[in-house]
Amino acid sequence: MRQAVAVGLLATAALVHLAASGPADSRAGGEQPVPAVAQQNRMHRVVHQLQQRLHTLPEDKASWAQLGASYVELARVTADPAYYAKAEGALKNAGDTGLAAIGMGTLANARHDFHTARDWALKALAALPSSAEAYGVLADALTQLGDDAGAQDAVQKMLDLKPSTASFARASFHLELHGDVNGARDAMTRALTAATTPEEIAFCRYRLGELAFDHNRLDEAAQHYEQGLAARGDDMTLTQGMAKVAAARGDAPVALDSYRRLVARAPLPQYLQEYAELLEANGRTEEAARQYDVLSEQQRLMESQGASDDLAAALVAADRGDGMQALRRAEAEWSRRQSVFVADAMAWALHMNGRDAEALEYSDKANALGWQNATFSYHRGMILAALGRVAEAQEALVQALRLNANFSPLHALKAGRKLAELRGGR
């Protein structure tokens, strides 16, 4: 679910400047990670202050925009999508302003309604043509829609307007998607240099840690996660990073306990799936099944609040062997957007239904940008193996494990077993 992380962290960056500093301060800020209890308490205080201000000044459109942004942030922090409806109501009260359009676009991105997010971003830019934040919303939407050229242009304009943590972070992700790992690391280092708050520092350290973890540099990843926690000790993204490191180092008890506490604080689909996979890889299948049940319920709750995610649901269904559900979900998402993320989900779902020739066509699309992604390579290797293209399958599986031998506690094991099988000629 590597792509889900990117959406979750990047899609909300454009309205942080509205939500983070409170009603009296509208300074622009960069992307921020999601500290759990401390962040919740801070955001609840901001909401309370804004509500008090709006009780006195109900026509203050900027405060309504800030309140809407704060609700979107609370939805992320608490994993409670009920805040989306509150955010929408507040942003509607903000009127027909550029700030309100930025907020509505970020809300749409959070709900994975990327076409709507793009439209709101364009509306925001019509009102605020020099808004780096609006270009950030646009870049996030276009990336997810598969408009690579448009996303690159939006990121460049954001950089030109404001070379900040938020803009360098988006540049880093764009470079990573195109296989330029060194360029992505350099851009993220520049984002860290530009960071001025503990939240920004923690976010940058997390992303640098992820770049290291995703390319088999485990000690470097751990160092970044630890330095991020030194800046922001109650950050759940960094906690998740350290849990992954513990699992990769073979310390399953520590990893499992970290994930148990993490999903209790924030039952986000990504964390629930990772926890379930780790439990399953350690033979605790009944506990894993319970986490998958929680994940399904959380996905239903998100959908009830207009935050559908057929992409994540397709991948979970495929990994659990429900090929029909996986393909239905993947096709629904592909009908809305043709990004490399969805192309990979289509490939994997088709493979699970035995349609490997078609799956390979989508795998080609998934790899078109050059992203060095271990999960994509694993999926491709399994598809090629099913087609009897043994040498190519081995190459793809070796690539997956060379990129990140710990890309999944469950599927990395399967990749290794399949590779041994192919090499043994069985």
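This one's a predicted model, so the numbers in the text were calculated from it and none came from an experiment.

Cut-off values and rules
Residues numbered from 1 in each chain as written. Predicted model: local features only at pLDDT ≥ 70, side-chain atom pairs only at ≥ 80, totals over all residues. Heavy atoms only, no water. Phe/Tyr/Trp six-rings, centres within 6.5 Å; stacked < 30°, edge-to-face > 60°. Helix = DSSP H or I, 4+ residues; strand = E, 2+ residues; numbered from the N terminus. Buried < 20%, exposed > 50% of the residue type's maximum accessible area, 1.4 Å probe, protein only. UniProt positions renumbered as here; feature names shortened; annotations may be inferred. Expected span 1.5 Å × (residues − 1). Polar contact = N/O pair within 3.5 Å; in protein donor to acceptor, adjacent residues only side chain to side chain. Salt bridge = Lys/Arg side-chain N within 4 Å of Asp/Glu carboxyl O. Core = buried A, V, L, I, M, F, W, Y, C linked by side-chain atoms within 4.5 Å. Contact = heavy atoms within 4.5 Å.

(A) Focus on the packing of aromatic side chains. Under the criterion given, the structure shown has eight aromatic pairs. With centroids separated by 6.1 Å and ring planes inclined at 35°, the aromatic side chains of Tyr206 and Tyr225 adopt a geometry described as tilted. Taken together, the positions of Tyr206 in helix 12 (residues 198-213) and Tyr225 in helix 13 (residues 218-231) put the pair 19 residues apart, joining distant regions of the chain. As far as burial versus exposure is concerned, Tyr206 and Tyr225 are alike and both buried. Relative to Tyr362, the ring of Trp334 has its centre 5.2 Å away and its plane inclined at 85°; by these criteria the two rings are edge-to-face. Within this pair, whereas Trp334 is found in helix 19 (residues 323-334), its partner Tyr362 is found in helix 21 (residues 356-366), the two being separated by 28 residues in sequence. By the burial criterion, Trp334 is buried, and Tyr362 matches it. Site record: aromatic cluster; members linked through ring pairs are Phe341, Trp371 and Phe376.

(B) Expanded view of the UniProt feature "repeat: TPR" (unreviewed entry) in the protein. The residues that UniProt annotates with the feature "repeat: TPR" (unreviewed entry) are residues 132-165. When the span residues 132-165 is considered, its composition is 85% helix and 0% strand, and the gap between its end C-alpha atoms is 12 Å.

(C) Focus on helix 20 (residues 340-352). Between its first and last C-alpha atoms helix 20 spans 19 Å; for 13 residues at 1.5 Å apiece the expected length is 18 Å, and the two agree. Summarising burial for helix 20: twelve of the 13 residues are buried, a large majority. Of the positions making up helix 20, those classed as buried are Val340, Phe341, Val342, Ala343, Asp344, Ala345, Met346, Ala347, Trp348, Ala349, Leu350 and His351. Just beyond helix 20, the residue with positive phi is Gly354, at close to 75°.

(D) Fine view of the environment of Ala127. Looking at the secondary structure, you find Ala127 in helix 7 (residues 114-127). Using a relative accessible area of 46% as the deciding quantity, one classes Ala127 as partly exposed. Separated by 161 residues in sequence, Ala127 and Ala288 place their C-alpha atoms 49 Å apart.

(E) Representation of the side chain of Asn373 within the structure. Tracing the sequence through the fold places Asn373 in the loop between helix 21 and helix 22 (374-386). A distance of 3.0 Å separates the side chain of Asn373 from the backbone nitrogen of Thr375, its partner in a polar contact.

(F) Structural detail: the pattern of salt bridges. For the structure shown, the criterion picks out 28 salt bridges. The partner of Glu73 in a salt bridge is Arg76, and the shortest N-O contact between them spans 2.9 Å. Here the residue Glu73 and the residue Arg76 both occupy positions in helix 4 (residues 61-78), the gap between them amounting to three residues, near one helical turn. Across the pair Arg118 and Asp119 runs a salt bridge whose closest N-O atoms are separated by 3.3 Å. Its relative accessible area of 43% is what places Asp119 among the partly exposed residues. Among the charged side chains, a salt-bridge network with shared partners connects Glu303, Asp310, Arg329, Glu333, Arg336 and Arg337.

(G) Expanded view of the nonpolar core. Counting 43 residues, the largest nonpolar core has Phe341, Met346, Tyr378, Leu397 and Phe407 as the members making the most contacts within it. Mapped by element, the contributors of at least two residues to this core are helix 10 (165-177), helix 18 (310-319), helix 19, helix 20, helix 21, helix 22, helix 23 (390-403) and helix 24 (411-424). No other element matches the ten residues that helix 20 contributes to this core. Excluding its chain neighbours within four sequence positions, the residues that come into contact with Phe407 are Ala374, Thr375, Tyr378, Ala400, Leu401, Ala412 and Ala415. Counting residues in hydrophobic clusters, the runner-up holds 33 residues, among them Phe114, Leu125, Tyr135 and Leu159.

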